[in-house]
Amino acid sequence: MADEKRLSARRKHTLKGCMLLVATNLLDAESNVKVTEREKFLEDKVPPLELPYSKDELLDLCQKLHEQIDISEEERYSIEFKLNMVLNEVRDLNIKIVDLRGKFKRPRLKKVRMSADAMLKALLGSKHTVNMDLRANLKQVKKEVKEEDKQLRDVGDWRKNIEDKSDRKKMFDS
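Bear in mind the structure is a predicted one, so any value in this text is a computation, not a measurement.

What counts as what
Residues numbered from 1 in each chain as written. Predicted model: local features only at pLDDT ≥ 70, side-chain atom pairs only at ≥ 80, totals over all residues. Heavy atoms only, no water. Helix = DSSP H or I, 4+ residues; strand = E, 2+ residues; numbered from the N terminus. Buried < 20%, exposed > 50% of the residue type's maximum accessible area, 1.4 Å probe, protein only. Areas by Shrake-Rupley, 256 points an atom, 1.4 Å probe, with all protein chains shown as cover. Salt bridge = Lys/Arg side-chain N within 4 Å of Asp/Glu carboxyl O. Patch = residues over 30% accessible without salt bridge, like charges linked within 9 Å, V, L, I, M, F, W, Y side chains within 5 Å. pLDDT = per-residue confidence, 0-100. Lys, Arg positive; Asp, Glu negative; His and termini not counted. Charge placed at Lys NZ, Arg CZ, Asp CG, Glu CD.

Caption draft 1: Layout of the overall build of the protein. Tallying secondary structure elements over the protein gives 6 helices and 0 strands in all. Seen in sequence order, the protein has helices and strands lined up from the N terminus as α-α-α-α-α-α. Within the protein, buried positions represent 1% of all 174 residues. Roughly 19000 Å² of accessible area belongs to the protein as shown, and the carbon and sulfur atoms make up 57% of that amount.

Caption draft 2: Layout of the pattern of salt bridges. Evaluated as defined, the whole model comprises 3 salt bridges. Across the pair E73 and R76 runs a salt bridge whose closest N-O atoms are separated by 2.9 Å. Linking E73 with R76, this pair stays in helix 3 (residues 55–103), spanning 3 residues, or about one helical turn. R76 gets classed as partly exposed once you look at its relative accessible area, which sits at 45%. Three or more residues are tied together by salt bridges with common partners; here these are E73, R76 and E80.

Caption draft 3: Quick peek at a nonpolar patch on the surface. On the surface, a cluster of nonpolar side chains totalling about 510 Å² of accessible area is made up of V112, M114, M119, L123 and L124. Within the secondary structure layout, M114 lies in the loop between helix 3 and helix 4 (116–124).

Caption draft 4: A look at the confidence of the model for the protein. On average, residues of the protein score 81 in pLDDT, and 72% of them reach the 70 mark or higher. The spread of mean pLDDT over the elements of the protein runs between helix 5 (residues 147–155), the lowest at 62, and helix 2 (residues 9–45), the highest at 94.

Caption draft 5: Structural context of a negative patch on the surface. A surface patch of like charges, here negative, comprises E67, D70, E74 and E75. Topologically, E67 is positioned in helix 3.

This is the structure in structure tokens:
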């Protein structure tokens, strides 16, 4: 039954090949989607450039471009500042983790054979004297003796019973 569930080497090889083909196709599709998304983003953010022929129009275009550059630089600066804050916070947390790990070394525990009394005395201190004698605290129960049990005990030795019965047999014989 275990042999039926195992795959042959050839079957494993073909399955790996199929999986790799599917994975490469998925990666290609993902990269194509990213490229198209990037192109759409650039089309939205950056309109096509139309160069004017007069000097005044060129100056206006340059001013607009400078304004757009300033806006994009502000966005980049704010994103970079937020990123640095997050990275510093992560670095500080990692340092705290390393400090906490370094301070407390876990000691190797040794196996100790200790009675319950000694363990409680060690935990509670020498002031407390704890008695773990559980049998002393148990309730005493008297056993009831039945009459049948008494008769069985009183019967005594089995040889005497046989001798008594043999006397009876002699009585019947005579």
